[in-house]
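Coordinates in review
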Amino acid sequence: MSDYQTRFKTPKFILFIVAIGYFLILLAIGLFLIKGSIISGLIILPIGVYLAFSHTGFDIDSDKRRFRHFTSQFWIKDGYWNRFENYPYLALLSIRTRQTKYSTSGVPLSTSGMSYRVHLLNRKHTKKLLLKEFNNKEEAESFINRISKELNLEIQVYSPDFT
């Protein structure tokens with residue numbers, strides 16, 4: 001079996017949902033110990049573990065030049081291995097983000113910003129896989145330069161060819 005390294009691991013859910021997962025775990029332990037309620041604790045515990053410990057990430061196998069984007073639930077990884085030959089390029093994409101919130105009186109409040117995403121690209125740039133997202137352009141550029149040298153991938157401008 002080949003030795004691979006897990007990289008870019010992030011929680012599957014937003015921080016608030018992860019916090020709810022930890023709360024449910026503590027609640028289940030409290031039900032076990034204080035109330036002696038085993039059945040309700042056994043119902044709540046798996047939900048808490050799922051919310052708190054589910055994550056996504058990338059496994060990189062440098063020896064076999066392959067990777068997989070995975071989702072992990074209950075410490076079981078689900079994802080298909082791809083070869084770097086099929087995704088030989090990296091690209092940095094700038095995404096303008098905009099959020100609009102409404103107050104109770106109906107007045108809109110809009111905020112906007114930029115997000116910088118590093119993607120793996122196939123040969124025709126028609127498929128892209130997100131590696132990591134940044135709020136700072138300099139951090140994103142530093143990351144893409146470092147990872148391109150580490151994985152021996154070429155950085156290109158995103159330009160899909162649908163012909």
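Residues numbered from 1 in each chain as written. Predicted model: local features only at pLDDT ≥ 70, side-chain atom pairs only at ≥ 80, totals over all residues. Heavy atoms only, no water.

1. Topic: the layout of surface pockets
In this approach a probe as big as a water molecule rolls over the atoms, and the regions it shows empty are the leftover space. This is how the line gets drawn: Here a cavity means grid points, on a 1 Å grid over the protein atoms only, where a 1.4 Å probe fits yet cannot get out; a pocket means an open set of points with protein on both sides within 12 Å along at least five of seven lines; lining residues are those with an atom within 4 Å of a point. Grid points are joined across faces, edges and corners, and a volume is the space filled by probe spheres set on the points. Only runs of H or I of at least four residues qualify as helices and only runs of E of at least two qualify as strands under DSSP, and these elements are numbered from the N terminus.
Of the voids in this model, the largest pocket is the one considered here, and its volume is about 200 Å³. Forming the boundary of the largest pocket are Phe 8, Lys 9, Thr 10, Thr 56, Gly 57, Phe 58, His 69, Leu 130, Leu 131, Lys 132 and Glu 133. Contributions of two or more residues to the lining of the largest pocket are made by β1 (5–11), β2 (55–61) and β8 (128–134). It is β8 that contributes the most residues to the lining of the largest pocket, four residues altogether.

2. Quick notes on a nonpolar patch on the surface
Heads up, the condition is: By definition, no residue in a patch forms a salt bridge, and every one has over 30% relative accessible area; like charges are joined within 9 Å, nonpolar side chains (Val, Leu, Ile, Met, Phe, Trp, Tyr) within 5 Å. All accessible areas in this document rest on Shrake-Rupley with a 1.4 Å probe, and a residue is counted as covered only by the protein chains that are shown. The term salt bridge refers to a pairing of a side-chain nitrogen on Lys or Arg with a carboxyl oxygen on Asp or Glu at a separation within 4 Å. Buried residues are those whose accessible area, probed at 1.4 Å on protein chains only, stays under 20% of the maximum for their type, while exposed residues exceed 50% and partly exposed ones sit between those limits.
On the surface, Ile 38, Ile 39, Leu 42, Ile 43 and Ile 47 cluster together into a nonpolar patch covering about 520 Å² of accessible area. Overall, the relative accessible area of 52% leaves Leu 42 in the exposed class.

3. Observations concerning the environment of Ile 76
Turning to its location among the elements, Ile 76 is positioned in strand β4 (residues 76–78). The sequence separation of Ile 76 and Ser 54 amounts to 22 residues, and the corresponding C-alpha distance is 9.3 Å.

4. Here's the deal with the sheet that holds β8
Heads up, the condition is: Criterion used throughout: strands pair if DSSP finds at least two bridges between them. The contact rule is simple, with two residues in contact once any of their heavy atoms fall within 4.5 Å. In this analysis an axis means a line fitted to C-alpha atoms, helices contributing only their contacting stretch, and an angle means the value between N-to-C directions, from 0 to 180 degrees.
Strand order in the open sheet formed by four strands is β8-β7-β6-β9, with mixed pairing between adjacent strands. Only two strands of the sheet have a single neighbouring strand rather than two, namely β8 and β9 (154–155). As paired strands, strand β6 (residues 89–102) and β9 are joined by two bridges and run parallel to one another. Each bridged residue has a counterpart across the sheet, and for Tyr 89 the counterpart in β9 is Glu 154. The strands touched by helix α3 (residues 137–151) within the sheet are β6, β7 (108–121), β8 and β9, with β6 carrying the most contacts at an inclination of about 150°.

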